[in-house]
Amino acid sequence: MRVFIAGFGTETNAFVPFPTGRRAFAAYGVFRGDATRHPPAPFSGPLHVWRREAEARSWTVVEGLLTFAAPSGVTVRGVYEGFRDELLADIRQALPLDIVLLNLHGAMVADGYDDCEGDILARVRAIVGSATVVGAELDLHCHLSEAMIRNATAIVIYKEYPHIDPMERAAELFTICADAAEGRVRPVMARYDCRMMGSYRTPVEPMKSFVARMKALEGKDGILSVSLAHGFAFADVEDVGTRTLVVSDGDAGKAEALAARLGQELFAQRHSYVTQFLTPDEALDRAAAHSEGTVVLADRADNPGSGAPGDSTFLLRRILERGAGPTLFGVMWDPMAFQIAEEAGEGPTLDMRLGGKSGKVSGDPVDLRVTVRGIARNVQQPYGPVMSPLGDIAWLSSELVDIVVNTYRTQTFHPDAFRALGIDPARYRLIVVKSAQHFYNGFAPLAKETLYVTTPGAAEPAYARLPYTKRKTPFWPKVEDPFR
Ligand SMILES: [Zn+2]
(Lines give C-alpha, C1' and ligand atoms only; values in the text may rest on other atoms or scores of the structure.)
Protein backbone atom coordinates (compact mmCIF):
# COMPACT_ATOMS: atom_id res chain seq x y z
CA MET A 1 0.00 0.00 0.00
CA ARG A 2 1.11 3.56 -0.72
CA VAL A 3 -0.04 6.13 1.85
CA PHE A 4 0.20 9.90 1.47
CA ILE A 5 0.13 12.10 4.59
CA ALA A 6 -0.06 15.90 4.86
CA GLY A 7 -1.74 18.73 6.73
CA PHE A 8 -2.81 22.31 6.07
CA GLY A 9 -5.07 24.44 8.21
CA THR A 10 -6.10 27.42 10.23
CA GLU A 11 -9.29 28.66 11.89
CA THR A 12 -10.65 31.84 10.40
CA ASN A 13 -12.47 34.48 12.44
CA ALA A 14 -14.47 36.81 10.19
CA PHE A 15 -14.50 39.56 12.81
CA VAL A 16 -10.75 39.97 13.29
CA PRO A 17 -9.31 43.13 11.77
CA PHE A 18 -6.19 41.56 10.27
CA PRO A 19 -5.64 38.88 7.60
CA THR A 20 -3.82 35.56 7.82
CA GLY A 21 -0.88 35.57 5.44
CA ARG A 22 2.45 33.91 4.82
CA ARG A 23 3.94 35.17 8.09
CA ALA A 24 1.30 33.37 10.14
CA PHE A 25 2.11 30.01 8.52
CA ALA A 26 5.85 30.68 8.72
CA ALA A 27 5.52 31.37 12.46
CA TYR A 28 4.25 27.81 12.94
CA GLY A 29 6.64 26.39 10.38
CA VAL A 30 6.26 25.21 6.80
CA PHE A 31 7.39 21.58 6.61
CA ARG A 32 7.89 20.15 3.14
CA GLY A 33 7.82 16.42 3.68
CA ASP A 34 9.74 16.45 6.96
CA ALA A 35 7.23 17.33 9.70
CA THR A 36 7.52 13.84 11.19
CA ARG A 37 11.28 14.21 11.50
CA HIS A 38 10.56 16.86 14.18
CA PRO A 39 8.95 16.17 17.58
CA PRO A 40 5.12 16.06 17.51
CA ALA A 41 3.64 19.55 17.81
CA PRO A 42 0.03 20.75 17.80
CA PHE A 43 -1.30 19.91 14.34
CA SER A 44 1.63 17.70 13.27
CA GLY A 45 0.83 14.96 15.81
CA PRO A 46 -1.60 13.06 13.55
CA LEU A 47 1.06 12.73 10.83
CA HIS A 48 3.36 11.02 13.32
CA VAL A 49 0.56 8.57 14.14
CA TRP A 50 -0.19 7.87 10.47
CA ARG A 51 3.46 7.29 9.63
CA ARG A 52 3.90 4.96 12.59
CA GLU A 53 0.78 2.95 11.74
CA ALA A 54 1.67 2.65 8.05
CA GLU A 55 5.28 1.68 8.71
CA ALA A 56 4.15 -0.93 11.24
CA ARG A 57 2.39 -2.60 8.30
CA SER A 58 5.46 -2.15 6.07
CA TRP A 59 3.50 0.19 3.82
CA THR A 60 5.16 3.01 1.87
CA VAL A 61 4.65 6.51 3.29
CA VAL A 62 4.94 9.64 1.19
CA GLU A 63 4.85 12.80 3.26
CA GLY A 64 3.80 16.14 1.80
CA LEU A 65 3.26 19.67 3.08
CA LEU A 66 2.44 20.36 6.72
CA THR A 67 1.68 23.89 7.82
CA PHE A 68 -0.73 25.68 10.11
CA ALA A 69 -1.52 29.26 11.05
CA ALA A 70 -2.72 30.38 14.46
CA PRO A 71 -6.41 31.38 14.27
CA SER A 72 -6.86 34.87 12.86
CA GLY A 73 -8.66 36.80 10.12
CA VAL A 74 -9.47 35.73 6.56
CA THR A 75 -6.61 33.95 4.78
CA VAL A 76 -4.99 35.87 1.94
CA ARG A 77 -6.11 34.32 -1.36
CA GLY A 78 -2.67 33.88 -2.89
CA VAL A 79 -1.32 32.31 0.28
CA TYR A 80 -4.17 29.80 0.45
CA GLU A 81 -3.94 28.93 -3.24
CA GLY A 82 -0.15 28.68 -3.04
CA PHE A 83 -0.10 26.14 -0.21
CA ARG A 84 -3.13 24.28 -1.62
CA ASP A 85 -1.50 23.90 -5.02
CA GLU A 86 1.73 22.79 -3.40
CA LEU A 87 -0.17 20.09 -1.50
CA LEU A 88 -1.94 18.99 -4.69
CA ALA A 89 1.37 18.87 -6.57
CA ASP A 90 2.79 16.67 -3.78
CA ILE A 91 -0.12 14.27 -4.30
CA ARG A 92 0.21 14.25 -8.08
CA GLN A 93 3.87 13.42 -7.74
CA ALA A 94 3.18 10.60 -5.26
CA LEU A 95 0.66 8.76 -7.50
CA PRO A 96 -0.44 6.00 -7.57
CA LEU A 97 -1.81 6.15 -4.02
CA ASP A 98 -4.03 3.77 -2.08
CA ILE A 99 -4.68 6.09 0.85
CA VAL A 100 -4.49 9.87 1.33
CA LEU A 101 -4.65 11.12 4.94
CA LEU A 102 -5.01 14.85 5.56
CA ASN A 103 -5.06 16.85 8.77
CA LEU A 104 -7.27 19.84 7.89
CA HIS A 105 -8.59 21.88 10.80
CA GLY A 106 -11.88 22.45 8.96
CA ALA A 107 -12.59 26.15 9.54
CA MET A 108 -10.31 27.90 7.08
CA VAL A 109 -11.86 30.70 5.06
CA ALA A 110 -9.78 32.40 2.39
CA ASP A 111 -10.58 35.41 0.27
CA GLY A 112 -12.82 33.87 -2.42
CA TYR A 113 -13.15 30.49 -0.65
CA ASP A 114 -15.72 29.99 2.13
CA ASP A 115 -15.02 26.26 2.36
CA CYS A 116 -11.29 25.76 1.90
CA GLU A 117 -11.32 22.14 3.09
CA GLY A 118 -14.22 21.26 0.78
CA ASP A 119 -12.22 22.84 -2.03
CA ILE A 120 -9.06 20.91 -1.09
CA LEU A 121 -10.85 17.56 -0.76
CA ALA A 122 -12.68 18.02 -4.08
CA ARG A 123 -9.40 18.72 -5.86
CA VAL A 124 -7.68 15.80 -4.13
CA ARG A 125 -10.52 13.50 -5.18
CA ALA A 126 -10.25 14.73 -8.77
CA ILE A 127 -6.55 13.88 -8.80
CA VAL A 128 -6.61 10.46 -7.10
CA GLY A 129 -9.89 9.17 -8.56
CA SER A 130 -12.71 7.29 -6.89
CA ALA A 131 -10.76 4.15 -5.93
CA THR A 132 -8.31 5.84 -3.55
CA VAL A 133 -9.30 6.15 0.10
CA VAL A 134 -9.22 9.80 1.25
CA GLY A 135 -9.38 10.37 5.01
CA ALA A 136 -9.52 13.72 6.79
CA GLU A 137 -9.12 14.61 10.45
CA LEU A 138 -10.80 17.80 11.64
CA ASP A 139 -10.81 19.97 14.74
CA LEU A 140 -14.28 19.99 16.32
CA HIS A 141 -14.37 23.74 15.64
CA CYS A 142 -15.08 23.12 11.97
CA HIS A 143 -17.74 23.82 9.37
CA LEU A 144 -18.76 20.36 8.24
CA SER A 145 -19.71 20.95 4.62
CA GLU A 146 -21.41 18.81 2.04
CA ALA A 147 -18.33 19.09 -0.21
CA MET A 148 -16.13 17.60 2.52
CA ILE A 149 -18.51 14.66 3.02
CA ARG A 150 -18.88 14.06 -0.72
CA ASN A 151 -15.18 14.02 -1.47
CA ALA A 152 -13.71 12.27 1.58
CA THR A 153 -14.04 8.55 2.20
CA ALA A 154 -14.08 9.10 5.96
CA ILE A 155 -13.81 12.06 8.31
CA VAL A 156 -12.99 11.79 12.00
CA ILE A 157 -13.29 14.84 14.27
CA TYR A 158 -11.71 15.53 17.68
CA LYS A 159 -14.09 14.65 20.51
CA GLU A 160 -12.48 16.58 23.36
CA TYR A 161 -12.37 20.29 24.15
CA PRO A 162 -9.64 21.04 25.36
CA HIS A 163 -8.27 19.10 22.39
CA ILE A 164 -6.40 16.30 24.13
CA ASP A 165 -7.26 13.65 21.56
CA PRO A 166 -5.95 14.46 18.03
CA MET A 167 -3.56 11.48 18.17
CA GLU A 168 -6.28 9.02 19.25
CA ARG A 169 -8.59 10.28 16.52
CA ALA A 170 -5.73 10.02 14.00
CA ALA A 171 -5.26 6.37 14.91
CA GLU A 172 -8.99 5.71 14.48
CA LEU A 173 -9.04 7.42 11.08
CA PHE A 174 -6.05 5.35 10.04
CA THR A 175 -7.80 2.11 10.99
CA ILE A 176 -10.96 3.03 9.09
CA CYS A 177 -9.01 4.05 6.00
CA ALA A 178 -6.69 1.03 6.12
CA ASP A 179 -9.68 -1.31 6.46
CA ALA A 180 -11.38 0.48 3.56
CA ALA A 181 -8.29 0.19 1.37
CA GLU A 182 -8.09 -3.54 2.12
CA GLY A 183 -11.78 -4.00 1.37
CA ARG A 184 -12.86 -4.90 4.90
CA VAL A 185 -15.21 -1.92 5.31
CA ARG A 186 -17.02 0.51 3.05
CA PRO A 187 -17.31 3.84 4.92
CA VAL A 188 -20.46 5.87 4.30
CA MET A 189 -20.95 9.24 5.98
CA ALA A 190 -23.97 11.24 7.07
CA ARG A 191 -24.14 14.60 8.84
CA TYR A 192 -27.02 16.20 10.70
CA ASP A 193 -27.53 19.92 11.23
CA CYS A 194 -28.43 20.43 14.92
CA ARG A 195 -29.54 23.96 14.03
CA MET A 196 -27.75 25.38 17.01
CA MET A 197 -24.71 27.43 17.87
CA GLY A 198 -22.92 27.08 21.16
CA SER A 199 -19.80 26.37 23.14
CA TYR A 200 -19.56 22.90 24.69
CA ARG A 201 -17.19 21.83 27.46
CA THR A 202 -16.38 18.15 27.26
CA PRO A 203 -14.49 17.64 30.59
CA VAL A 204 -17.71 18.36 32.53
CA GLU A 205 -21.27 17.03 32.47
CA PRO A 206 -23.47 16.72 30.56
CA MET A 207 -21.02 16.86 27.61
CA LYS A 208 -18.69 14.37 29.27
CA SER A 209 -21.38 11.69 29.05
CA PHE A 210 -22.28 12.69 25.49
CA VAL A 211 -18.66 12.07 24.46
CA ALA A 212 -18.66 8.73 26.29
CA ARG A 213 -21.85 7.76 24.47
CA MET A 214 -20.38 8.62 21.06
CA LYS A 215 -17.40 6.40 21.84
CA ALA A 216 -19.62 3.57 23.09
CA LEU A 217 -21.54 3.56 19.79
CA GLU A 218 -18.39 3.01 17.74
CA GLY A 219 -17.06 -0.32 16.58
CA LYS A 220 -20.34 -2.21 16.72
CA ASP A 221 -23.62 -2.59 14.81
CA GLY A 222 -21.93 -1.37 11.63
CA ILE A 223 -20.97 2.03 13.09
CA LEU A 224 -17.33 2.93 12.43
CA SER A 225 -17.13 6.45 13.90
CA VAL A 226 -19.32 9.06 15.60
CA SER A 227 -18.33 12.73 15.85
CA LEU A 228 -19.77 16.02 16.99
CA ALA A 229 -18.62 19.07 15.04
CA HIS A 230 -19.16 21.78 17.66
CA GLY A 231 -18.72 24.32 14.88
CA PHE A 232 -16.86 27.62 14.88
CA ALA A 233 -19.35 30.42 15.31
CA PHE A 234 -17.15 33.36 14.26
CA ALA A 235 -17.39 32.78 10.54
CA ASP A 236 -19.93 33.90 7.99
CA VAL A 237 -20.23 30.70 5.97
CA GLU A 238 -23.18 28.57 4.91
CA ASP A 239 -22.22 25.61 7.11
CA VAL A 240 -21.55 27.52 10.32
CA GLY A 241 -23.07 25.69 13.32
CA THR A 242 -23.14 22.42 15.23
CA ARG A 243 -23.45 19.11 13.39
CA THR A 244 -23.23 15.43 14.15
CA LEU A 245 -21.32 13.09 11.84
CA VAL A 246 -21.63 9.32 11.62
CA VAL A 247 -19.50 6.96 9.54
CA SER A 248 -21.19 3.59 9.01
CA ASP A 249 -20.04 0.49 7.20
CA GLY A 250 -21.91 0.59 3.93
CA ASP A 251 -25.29 1.58 5.33
CA ALA A 252 -26.24 5.18 4.55
CA GLY A 253 -29.63 4.87 6.22
CA LYS A 254 -28.06 3.72 9.45
CA ALA A 255 -25.56 6.61 9.42
CA GLU A 256 -28.31 9.13 8.72
CA ALA A 257 -30.59 7.76 11.44
CA LEU A 258 -27.91 7.78 14.13
CA ALA A 259 -26.61 11.24 13.16
CA ALA A 260 -30.17 12.57 13.39
CA ARG A 261 -30.92 10.81 16.67
CA LEU A 262 -27.81 12.19 18.38
CA GLY A 263 -28.31 15.65 16.92
CA GLN A 264 -31.92 15.79 18.04
CA GLU A 265 -30.91 14.64 21.51
CA LEU A 266 -28.31 17.39 21.75
CA PHE A 267 -30.81 19.97 20.55
CA ALA A 268 -33.47 18.86 23.02
CA GLN A 269 -31.01 19.33 25.91
CA ARG A 270 -29.39 22.44 24.46
CA HIS A 271 -29.92 24.66 27.49
CA SER A 272 -27.91 22.33 29.70
CA TYR A 273 -25.26 21.42 27.10
CA VAL A 274 -24.03 24.89 26.19
CA THR A 275 -21.72 27.05 28.29
CA GLN A 276 -23.41 29.82 30.26
CA PHE A 277 -21.56 33.14 30.01
CA LEU A 278 -21.53 35.90 32.65
CA THR A 279 -21.08 39.66 32.24
CA PRO A 280 -17.89 41.04 33.85
CA ASP A 281 -19.87 42.37 36.83
CA GLU A 282 -21.77 39.11 37.31
CA ALA A 283 -18.47 37.21 37.25
CA LEU A 284 -16.70 39.62 39.60
CA ASP A 285 -19.64 39.53 42.04
CA ARG A 286 -19.61 35.75 42.02
CA ALA A 287 -15.83 35.64 42.48
CA ALA A 288 -16.08 38.10 45.40
CA ALA A 289 -18.50 35.76 47.15
CA HIS A 290 -15.64 33.31 47.73
CA SER A 291 -13.88 34.18 50.97
CA GLU A 292 -10.75 32.29 49.97
CA GLY A 293 -9.13 30.51 47.04
CA THR A 294 -8.53 31.48 43.42
CA VAL A 295 -11.28 32.06 40.88
CA VAL A 296 -10.33 31.73 37.21
CA LEU A 297 -12.13 33.96 34.70
CA ALA A 298 -12.04 33.03 31.02
CA ASP A 299 -12.10 36.14 28.81
CA ARG A 300 -13.81 34.19 26.06
CA ALA A 301 -14.37 37.00 23.57
CA ASP A 302 -10.65 37.79 23.34
CA ASN A 303 -9.41 34.23 22.96
CA PRO A 304 -6.54 34.20 20.44
CA GLY A 305 -7.38 30.52 19.92
CA SER A 306 -10.60 31.74 18.30
CA GLY A 307 -8.67 34.26 16.24
CA ALA A 308 -9.20 37.24 18.58
CA PRO A 309 -6.29 39.63 19.10
CA GLY A 310 -5.61 38.82 22.76
CA ASP A 311 -5.13 42.43 23.84
CA SER A 312 -8.65 43.55 24.74
CA THR A 313 -9.06 45.62 27.86
CA PHE A 314 -12.79 45.43 28.63
CA LEU A 315 -12.38 43.04 31.53
CA LEU A 316 -9.11 44.57 32.76
CA ARG A 317 -10.70 48.00 32.92
CA ARG A 318 -13.66 46.71 34.93
CA ILE A 319 -11.35 44.90 37.36
CA LEU A 320 -9.31 48.08 37.89
CA GLU A 321 -12.48 50.18 38.33
CA ARG A 322 -13.81 47.78 40.93
CA GLY A 323 -10.47 47.29 42.66
CA ALA A 324 -10.91 43.53 42.42
CA GLY A 325 -7.99 41.37 43.34
CA PRO A 326 -5.26 40.65 43.84
CA THR A 327 -5.63 39.77 40.15
CA LEU A 328 -3.28 38.07 37.72
CA PHE A 329 -4.22 39.11 34.17
CA GLY A 330 -2.66 37.48 31.14
CA VAL A 331 -1.16 36.69 28.96
CA MET A 332 -2.02 39.79 27.01
CA TRP A 333 -0.54 40.19 23.54
CA ASP A 334 1.36 43.48 23.63
CA PRO A 335 4.77 43.32 21.95
CA MET A 336 5.17 47.10 22.29
CA ALA A 337 4.65 46.98 26.06
CA PHE A 338 7.12 44.10 26.27
CA GLN A 339 9.69 46.10 24.35
CA ILE A 340 9.35 49.07 26.71
CA ALA A 341 9.57 46.80 29.76
CA GLU A 342 12.62 45.04 28.35
CA GLU A 343 14.29 48.37 27.71
CA ALA A 344 13.60 49.50 31.28
CA GLY A 345 14.78 46.19 32.74
CA GLU A 346 13.58 44.60 35.97
CA GLY A 347 12.88 46.97 38.86
CA PRO A 348 11.77 50.37 37.56
CA THR A 349 8.27 51.79 37.92
CA LEU A 350 6.88 53.54 34.85
CA ASP A 351 3.69 54.71 33.20
CA MET A 352 2.63 52.32 30.50
CA ARG A 353 -0.17 52.13 27.94
CA LEU A 354 -1.39 48.56 27.88
CA GLY A 355 -3.52 46.58 25.42
CA GLY A 356 -6.27 47.90 23.20
CA LYS A 357 -3.97 48.23 20.21
CA SER A 358 -5.64 45.99 17.63
CA GLY A 359 -8.80 47.88 16.82
CA LYS A 360 -12.35 48.30 18.07
CA VAL A 361 -12.61 44.65 19.10
CA SER A 362 -9.87 45.28 21.67
CA GLY A 363 -11.36 48.34 23.38
CA ASP A 364 -9.25 51.32 24.47
CA PRO A 365 -5.74 50.99 25.90
CA VAL A 366 -5.36 51.18 29.68
CA ASP A 367 -2.88 53.67 31.12
CA LEU A 368 -1.35 52.27 34.27
CA ARG A 369 1.64 52.87 36.53
CA VAL A 370 3.44 49.54 36.77
CA THR A 371 6.64 48.08 38.13
CA VAL A 372 8.58 45.71 35.87
CA ARG A 373 8.91 42.64 38.10
CA GLY A 374 10.25 40.10 35.65
CA ILE A 375 11.24 39.36 32.07
CA ALA A 376 11.64 35.97 30.39
CA ARG A 377 12.49 35.12 26.80
CA ASN A 378 11.45 32.30 24.47
CA VAL A 379 9.04 30.86 27.00
CA GLN A 380 7.06 27.69 26.28
CA GLN A 381 3.90 26.50 27.98
CA PRO A 382 2.35 23.01 28.02
CA TYR A 383 -0.49 22.44 25.59
CA GLY A 384 -1.77 18.95 26.33
CA PRO A 385 1.10 16.54 25.67
CA VAL A 386 3.24 19.05 23.72
CA MET A 387 4.85 22.44 24.34
CA SER A 388 3.65 25.63 22.70
CA PRO A 389 5.44 29.00 22.34
CA LEU A 390 4.54 32.15 24.30
CA GLY A 391 7.35 34.29 22.95
CA ASP A 392 8.97 36.79 25.33
CA ILE A 393 6.98 37.75 28.41
CA ALA A 394 7.07 40.49 31.04
CA TRP A 395 5.50 40.73 34.50
CA LEU A 396 4.09 44.20 35.12
CA SER A 397 2.82 44.84 38.61
CA SER A 398 0.37 47.51 39.81
CA GLU A 399 -1.27 47.87 43.19
CA LEU A 400 -3.92 45.18 42.86
CA VAL A 401 -3.45 43.83 39.37
CA ASP A 402 -0.43 42.06 37.89
CA ILE A 403 -0.40 41.91 34.11
CA VAL A 404 1.70 39.56 32.03
CA VAL A 405 2.29 40.77 28.47
CA ASN A 406 3.83 38.68 25.70
CA THR A 407 5.07 38.95 22.15
CA TYR A 408 3.57 35.85 20.49
CA ARG A 409 -0.20 36.00 20.00
CA THR A 410 -1.54 32.94 21.77
CA GLN A 411 -3.95 31.95 24.50
CA THR A 412 -2.91 30.92 28.00
CA PHE A 413 -3.00 27.14 28.16
CA HIS A 414 -1.39 26.42 31.52
CA PRO A 415 -0.29 28.06 34.82
CA ASP A 416 3.32 27.33 33.82
CA ALA A 417 2.97 30.30 31.46
CA PHE A 418 3.22 32.46 34.59
CA ARG A 419 5.63 30.30 36.57
CA ALA A 420 8.33 31.03 33.99
CA LEU A 421 8.46 34.51 35.55
CA GLY A 422 8.53 33.17 39.10
CA ILE A 423 4.85 33.99 39.59
CA ASP A 424 2.85 31.70 41.87
CA PRO A 425 -0.66 31.86 40.33
CA ALA A 426 -2.24 30.29 43.42
CA ARG A 427 -1.59 33.38 45.54
CA TYR A 428 -4.02 35.51 43.50
CA ARG A 429 -7.73 35.78 44.24
CA LEU A 430 -8.50 36.23 40.54
CA ILE A 431 -6.77 34.94 37.43
CA VAL A 432 -7.96 36.15 34.03
CA VAL A 433 -6.95 34.09 31.02
CA LYS A 434 -7.66 34.93 27.41
CA SER A 435 -8.92 31.52 26.43
CA ALA A 436 -12.26 29.86 25.80
CA GLN A 437 -11.58 26.39 27.16
CA HIS A 438 -8.06 25.12 26.40
CA PHE A 439 -6.88 26.58 29.73
CA TYR A 440 -9.29 24.40 31.66
CA ASN A 441 -7.34 21.21 32.30
CA GLY A 442 -4.24 23.14 33.40
CA PHE A 443 -6.01 25.60 35.68
CA ALA A 444 -8.79 23.42 37.13
CA PRO A 445 -6.56 22.00 39.92
CA LEU A 446 -5.91 25.47 41.35
CA ALA A 447 -9.35 26.99 40.70
CA LYS A 448 -11.96 27.25 43.41
CA GLU A 449 -14.34 28.08 40.60
CA THR A 450 -14.02 28.70 36.86
CA LEU A 451 -16.25 31.36 35.31
CA TYR A 452 -16.79 32.08 31.61
CA VAL A 453 -17.11 35.78 30.90
CA THR A 454 -18.49 37.55 27.87
CA THR A 455 -17.19 40.95 26.84
CA PRO A 456 -17.29 42.74 23.49
CA GLY A 457 -14.63 41.35 21.15
CA ALA A 458 -13.81 39.36 18.06
CA ALA A 459 -15.00 36.09 19.62
CA GLU A 460 -17.93 37.39 21.64
CA PRO A 461 -20.29 34.45 22.22
CA ALA A 462 -23.34 36.52 21.32
CA TYR A 463 -24.51 33.86 18.87
CA ALA A 464 -27.95 35.38 18.37
CA ARG A 465 -26.44 38.71 17.29
CA LEU A 466 -23.64 37.60 14.97
CA PRO A 467 -24.22 39.09 11.50
CA TYR A 468 -24.47 35.92 9.44
CA THR A 469 -25.44 36.40 5.78
CA LYS A 470 -24.81 32.94 4.30
CA ARG A 471 -26.37 30.38 6.63
CA LYS A 472 -29.68 29.37 5.01
CA THR A 473 -31.45 27.55 7.84
CA PRO A 474 -32.53 29.11 11.16
CA PHE A 475 -30.67 28.22 14.34
CA TRP A 476 -30.95 28.48 18.10
CA PRO A 477 -30.39 30.79 20.02
CA LYS A 478 -31.32 33.24 17.27
CA VAL A 479 -34.77 31.59 17.19
CA GLU A 480 -36.11 29.48 20.01
CA ASP A 481 -37.26 26.58 17.80
CA PRO A 482 -35.45 26.50 14.44
CA PHE A 483 -37.16 23.22 13.46
CA ARG A 484 -40.64 24.67 13.48
ZN1 LIG B 1 -10.61 23.79 18.20
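None of these values were measured; they are calculated from a predicted model.

Student: Looking at this structure, I do not really get the overall build of the protein. What am I missing?
Tutor: Broken down by element type, the protein carries 14 helices and 17 strands. Scaling as 2.2 N^0.38, a compact globule of 484 residues should have a C-alpha radius of gyration of about 23 Å, and the protein matches this with 23 Å. Considering only C-alpha atoms, the protein reaches an extent of 70 × 50 × 40 Å along its principal axes. Classification of the 484 residues of the protein by burial places 61% in the buried group. Put simply, the protein shows about 18100 Å² of open surface, and 50% of that area lies on carbon and sulfur atoms.

Student: Looking at this structure, how should I read the packing of aromatic side chains?
Tutor: Each aromatic ring pair is summarised here by two numbers: the centre-to-centre distance and the angle between the ring planes. Here the structure, examined in full by the defined rule, presents 21 aromatic pairs. Arranged with centres 5.5 Å apart and planes meeting at 75°, the rings of Tyr-468 and Phe-475 form a pair that is edge-to-face. Residue Tyr-468 shares its accessibility class with Phe-475, and that shared class is buried. The aromatic ring of Trp-333 is capped on one face by Arg-409, whose charged end is 5.9 Å from the ring centroid.

Student: Help me out: how do you make sense of the coordination of the zinc ion in this one?
Tutor: Between any two of four tetrahedral donors, the ideal angle at the metal is 109.5 degrees; between two of six octahedral donors, it is 90 or 180 degrees. The protein atoms donating to the zinc ion are Asp-139 (OD), Asp-139 (OD), His-141 (ND1) and His-163 (NE2), with metal-donor distances spanning 2.1 to 2.6 Å. Coordination geometry of the zinc ion: the 4 donor atoms subtend angles of 53 to 144° at the metal centre, consistent with an arrangement described as irregular. Between consecutive donors of the zinc ion, the numbers of intervening residues give the motif D-x1-H-x21-H. Here the residue Asp-139 occupies a position in the loop between strand 5 (133-138) and helix 5 (146-151), and His-163 occupies one in the loop between strand 6 (154-157) and helix 6 (166-181), the gap between them amounting to 24 residues.

Student: Would you explain the nonpolar core in this entry?
Tutor: Soluble globular proteins tend to pack their nonpolar side chains together in the buried interior. Ranked by size, the top nonpolar core spans 70 residues in total, and within it Leu-102 and Ile-155 carry the most contacts. If near-sequence neighbours (up to four positions away) are discounted, Ile-155 is found in contact with Ala-136, Leu-138, Leu-144, Met-148, Ile-149, Met-189, Leu-245 and Val-247.

Student: Honestly, the packing of helix 7 (residues 207-217) against helix 8 (residues 252-268) in this entry has me stumped. Any pointers?
Tutor: Angle between the axes and distance between the axes are the two parameters that describe a pair of packed helices. Here helix 7 crosses helix 8 at 170°, and the two axes come no closer than 12 Å. As far as their axial angle goes, helix 8 and helix 7 are roughly antiparallel. Contacts from Met-207, Phe-210, Arg-213 and Leu-217 of helix 7 reach helix 8 at Leu-258, Arg-261, Leu-262, Glu-265 and Leu-266.

Student: Help me understand helix 7, please; the structure alone is not making it clear to me.
Tutor: Within an α-helix, residues lying three or four positions from one another point in the same direction, as the helix has 3.6 residues per turn. Among the residues of helix 7, Met-207, Phe-210, Val-211, Met-214 and Leu-217 are the ones counted as buried. The arc enclosing the buried residues of helix 7, seen along the axis, measures out at 125°, which places them on a common side. In this fold, the buried residues of helix 7 make contact with strand 8 (223-229), helix 8 and helix 9 (270-273). Two residues or fewer past helix 7, Gly-219 is found with a positive phi of approximately 80°.

Student: I tried to follow the domain arrangement of the protein on my own but got confused; where do I start?
Tutor: Buried accessible area, meaning the area lost when the parts come together, often serves as the stated size of an interface. With domains assigned, the protein is organised as domain 1 (2-273) and domain 2 (280-453). Every contact between the two is made by 22 residues of domain 1 and, on the other side, 21 residues of domain 2. Here domain 1 and domain 2 share an interface that buries about 1800 Å² over both sides, 62% of which is from carbon and sulfur atoms. Counting across the interface, domain 1 meets domain 2 through 0 salt bridges. Connecting domain 1 to domain 2 are 5 residue pairs in polar contact (both at pLDDT 80 or more).

Student: Sorry, what's going on with the sheet that holds strand 9 (residues 243-249) here?
Tutor: Within a sheet, neighbouring strands are paired by backbone hydrogen bonds and run either parallel or antiparallel to one another. With antiparallel pairing, the 3 strands of this open sheet are ordered in space as 7-9-8. Each edge of the open sheet carries a strand with a single partner, namely strand 7 (187-193) and strand 8. Each neighbouring strand pair of the sheet contributes to a mean axis angle of 15°, computed without reference to strand direction. As judged from the 6 bridges shared by strand 8 and strand 9, these two strands associate in the antiparallel manner. Bridge pairing links Ala-229 to Arg-243 in strand 9.

Rules and cut-offs
Residues numbered from 1 in each chain as written. Predicted model: local features only at pLDDT ≥ 70, side-chain atom pairs only at ≥ 80, totals over all residues. Heavy atoms only, no water. Helix = DSSP H or I, 4+ residues; strand = E, 2+ residues; numbered from the N terminus. Rg over C-alpha atoms; globule rule 2.2 N^0.38 Å. Buried < 20%, exposed > 50% of the residue type's maximum accessible area, 1.4 Å probe, protein only. Areas by Shrake-Rupley, 256 points an atom, 1.4 Å probe, with all protein chains shown as cover. Phe/Tyr/Trp six-rings, centres within 6.5 Å; stacked < 30°, edge-to-face > 60°. Lys NZ or Arg CZ within 6 Å of the ring centre and 35° of its normal. Donors = N, O, S within 2.8 Å, 3.2 Å for Na, K, Ca; no water. Tetrahedral: all angles 85-135°; square planar, octahedral: opposite > 155°, others 65-115°. Core = buried A, V, L, I, M, F, W, Y, C linked by side-chain atoms within 4.5 Å. Contact = heavy atoms within 4.5 Å. Axes fitted to C-alpha atoms, helices over the stretch in contact; angles between N-to-C directions. Parallel < 35°, antiparallel > 145°, perpendicular 65-115°, else oblique. Arc of directions from axis to C-beta. Domains from an automatic or database assignment. Buried area = accessible area lost by both parts, 1.4 Å probe. Salt bridge = Lys/Arg side-chain N within 4 Å of Asp/Glu carboxyl O. Polar contact = N/O pair within 3.5 Å; in protein donor to acceptor, adjacent residues only side chain to side chain. Pairing = 2+ DSSP bridges.

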